[in-house]
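Each chain is listed here by its residues.
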Amino acid sequence: MKLRHDAALTFDDVLLVPKRSPIRSRQAVNTRTQFSRNIALAIPIISSNMDTVTEAAMARAMARLGGLGVIHRFMTVERQAAEIRRVKRAEGFMVERPYNLPASATVQEARARMDEHHIGGLVVTGPQDEVLGLVTSRDVMFERNPNRPVLEVMTPRDRLVVVSEDATLETAREMLHQHRIEKLPVLDEHGRLRGLITAQDIARLEQWPNATKDERGRLRVAAAIGVRPSDMDRAVACVNAGADALVVDIAHGHSDNALDMVRALKQRFPQVDIIGGNVATAEGVRDMVEAGADAVKVGVGAGSICITRIVTGFGVPQLQAVLECAEAGRALGVPIIADGGIRASGDITKALAAGASTVMLGSLLAGTDEAPGASVVRNGQRYKVVRGMASLTANIDRQEIERGREVDPDDWEQVVPEGVEAMVPARGPVKDIVHQLVGGVRSGLSYAGAATIAELWDKAEFVPITAAGRAESGAHDVAMR
Ligand code: XMP
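Predicted model only: the values in this text are computed from it and were never measured. (Residues numbered from 1 in each chain as written. Predicted model: local features only at pLDDT ≥ 70, side-chain atom pairs only at ≥ 80, totals over all residues. Heavy atoms only, no water.)

Caption draft 1: Layout of the overall build of the protein. Scanning the protein from terminus to terminus reveals 18 helices and 22 strands. Its C-alpha atoms put the protein at 80 × 60 × 50 Å along the principal axes. Residues classed as buried in the protein amount to 50% of the 481 residues present. Sequence-distant contacts, at least 24 apart, represent 65% of the contacts inside the protein between residues at least 6 apart. (Helix = DSSP H or I, 4+ residues; strand = E, 2+ residues; numbered from the N terminus. Buried < 20%, exposed > 50% of the residue type's maximum accessible area, 1.4 Å probe, protein only. Contact = heavy atoms within 4.5 Å.)

This is the structure in structure tokens:
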């Protein structure tokens, strides 16, 4: 048995000491950072791999804002891969494998496929993938005969404006404008379909200048993976669907199971960044990096919906965990993700100041429109559900997905939950929340006299505070309206 004598600190135990600042405007602060060895981000915010936080809509929004989303794993392999594909297809200057229709399709089939994929047009192709025409929602909108062949309503190949595979973004934009069209099929020299460029995608590219993109201009996305040998199949499906990083998702990451999984994933996918976690000690970081991790996720029991510390007695107060882990991560050149316990932008700045490169947010984002699930009204206020992934209902749901059948309620008591289900106020679009958080972080960096996150690491000075200091820190001695 060992007893550490210094109390470990967390966010509310400290403040950052203001420093002389050469920063004249918050805009002069650069929030660029590394998610992992090979993935850079414009903002240091990741959405958590929880089933009430990150599926395709959240991951897409986060990547557009310059952060990243980790698609949770509490769904079938097929569905997780489909969520990843939805993010990868969302943007990019060219959709590489556009949805198409065979020449035999009817108007009804065209409508169904457009609805299914939420798209406004489909390329009609022949047996050798040769382009026969393009059918758009306008071609089928008022067609009375649902059985009419699409060949009769589409724009045929000879009237179609197309481009070749080597077309640049500039050429595509010019052609879309010149012909006042919205879709531009991309053909190879044999007239076969190779891609589709849409006006909407190009407009979006310009709308999100900080977006996190891969080398082909597609949004980046990460996927959570468990540690069982069967999870390798999930990893293969996610990587095939285009996942840019795999996040090993286990509460006690400093375990042989997790380390073996990190090692196996890195060996199998040397080109994909592997994130190990969760750990709370420098030793945990070192072992993860030795196993091949390209970033390490830090946080045990700090999350808003976690009861791990109550149920098991284990955990390290989050700021302390980040301080220790970041020192080890820095020595090894591997970024640290501070996961859990962030309630406001001030906590993000503190986590970064402690050495993290990014923070992962759960309940702070769970109330946004992009988080999975509908909102409910309680006492006139709108809420959304957030739940720990080790909560009772999440456990039961996971077992049901794995077994493909309902769990007998008599068996529920076998679950020992380490998380809770809760509600958070509905908050509107995630971009508004992220804008506030990043604004707070920029301001925070300027108080430290730091123009970058790396400068913050060097300049930050924490001061421990007392209960009186904490009381002084919020609004106080006034009646809140
Ligand atoms: P916040 O505070 O941002 O934390 O809501 C999100 C993080 O909490 C972790 N998490 C859990 N931890 N039991 C736990 O002990 C759980 O059921 C649970 N679910 C999520 C996870 O690291 C997440 O990113």
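After that view of the structure, there is still more to cover.
Caption draft 2: Representation of a nonpolar patch on the surface in the model. Nonpolar side chains collect at one region of the surface, where I310, V311 and V416 lie side by side and expose about 310 Å² of accessible area between them. Turning to its location among the elements, V416 is positioned in the loop between helix 15 (392-403) and strand 21 (421-425). You can call V416 exposed: its relative accessible area is 60%. (Patch = residues over 30% accessible without salt bridge, like charges linked within 9 Å, V, L, I, M, F, W, Y side chains within 5 Å. Areas by Shrake-Rupley, 256 points an atom, 1.4 Å probe, with all protein chains shown as cover. Salt bridge = Lys/Arg side-chain N within 4 Å of Asp/Glu carboxyl O.)

Caption draft 3: Local environment of the domain arrangement of the protein. Annotation of the protein at the domain level lists domain 1 (11-90 + 211-468) and domain 2 (97-202). Here the C-alpha centre of domain 2 lies 39 Å away from the C-alpha centre of domain 1. (Domains from an automatic or database assignment.)

Caption draft 4: Looking closely at helix 8 (residues 231-241). Buried within helix 8 are the following residues: D231, M232, R234, A235, C238, V239 and A241. Each element contacted by the buried residues of helix 8 is listed here: helix 2 (77-90), strand 13 (222-225), strand 14 (245-248) and helix 9 (256-268). At the C-terminal side of helix 8, G242 shows a positive phi close to 115 degrees.

Caption draft 5: Expanded view of the site of the ligand. Not every one of the 21 residues close to the ligand is listed here, only the nearest: S304, C306, T308, D339 and A390. In the model, an oxygen atom of the ligand is placed 2.7 Å from a nitrogen or oxygen of the S48 side chain. Here an oxygen atom of the ligand and a side-chain polar atom of T308 are 2.4 Å apart. In the complex, 90% of the free accessible area of the ligand, which totals 520 Å², lies under the protein chains. (Near = heavy atom within 4 Å. Polar contact = N/O pair within 3.5 Å; in protein donor to acceptor, adjacent residues only side chain to side chain.)

Caption draft 6: Representation of unusual backbone geometry in the model. Geometrically, the link from G277 to N278 is a cis peptide bond, its omega value of -10 degrees lying close to zero. Despite not being glycine, N379 has its phi angle at roughly 50 degrees, a positive value. Note that N379 resides in the loop between strand 19 (376-378) and strand 20 (381-387). Classification of N379 by relative accessible area gives exposed; the value is 83%.

Caption draft 7: Spatial organisation of the packing of helix 6 (residues 169-179) against helix 7 (residues 199-207). Where helix 6 meets helix 7, the closest approach of the two axes is 10 Å, and the angle between their N-to-C directions is 125 degrees. Here helix 6 is positioned oblique relative to helix 7, judged by the angle of their axes. Remark: the crossing between helix 6 and helix 7 carries left-handed chirality. Residues L169, A172, R173 and L176 of helix 6 touch helix 7, and the partners they reach there are A199, I202, L205 and E206. (Axes fitted to C-alpha atoms, helices over the stretch in contact; angles between N-to-C directions. Parallel < 35°, antiparallel > 145°, perpendicular 65-115°, else oblique. Left-handed = near helix turned anticlockwise from the far one by under 90°.)

Caption draft 8: Spotlight on the pattern of salt bridges. One pass over the full model with this rule turns up 32 salt bridges. Taken together, the salt bridges that share partners define one network made up of K88, D214, R218, R220 and D244.

Caption draft 9: Molecular detail of the sheet that holds strand 21. Spatially, 19-20-21 is the arrangement adopted by the 3 strands of the open sheet, whose pairing is antiparallel. Each edge of the sheet is formed by a strand with only one pairing partner; in this case those strands are strand 19 and strand 21. Strand-to-strand, the axes of this sheet are offset by a mean angle of 50 degrees, without reference to chain direction. (Pairing = 2+ DSSP bridges.)

Caption draft 10: Spatial organisation of the nonpolar core. Grouped together as the largest cluster of nonpolar side chains are 96 residues, with contacts concentrated most on I45, L246, L265 and V296. Those residues in contact with L246 that sit more than four places away from it in its chain are A223, I225, A235, C238, V239, L265, F269, V272, D273, I274 and I275. Counting residues in each nonpolar core, the second largest holds 14 residues, with I39, L68, A245 and V247 among its members. (Core = buried A, V, L, I, M, F, W, Y, C linked by side-chain atoms within 4.5 Å.)

Caption draft 11: Here's a closer look at the sheet that holds strand 9 (residues 155-156). Taken in spatial order, the 4 strands line up as 6-7-8-9 in an open sheet, and their pairing is mixed. The sheet terminates laterally at strand 6 (100-102) and strand 9, the two strands that pair on one side only. Examined bridge by bridge, strand 6 and strand 7 (residues 121-125) share 3 bridges and lie parallel to one another. Looking across to strand 7, one finds that N100 is bridged to V123.

Caption draft 12: Structural context of the packing of helix 9 against helix 10 (residues 282-291). The N-to-C vectors of helix 9 and helix 10 enclose an angle of 30 degrees; their axes lie 8 Å apart at closest approach. Considering their axes alone, helix 9 and helix 10 lie roughly parallel with respect to each other. Contacts from A258, L259, V262, R263 and K266 of helix 9 reach helix 10 at D287, M288, E290 and A291.

Caption draft 13: Looking closely at helix 1 (residues 56-65). When you tally the buried positions in helix 1, you get 8 out of 10 residues, the bulk of the element. Phi for G66, located one or two positions after helix 1, is positive at around 105 degrees.

Caption draft 14: Spotlight on the environment of A460. Turning to its location among the elements, A460 is positioned in the loop between helix 17 (453-459) and strand 22 (462-464). Its relative accessible area of 22% is what places A460 among the partly exposed residues. Taking the C-alpha atoms as reference points, A460 and P18, separated by 442 residues in sequence, lie 8.6 Å from one another. Not counting residues up to four positions away in its chain, the partners in contact with A460 are L16 and A353.

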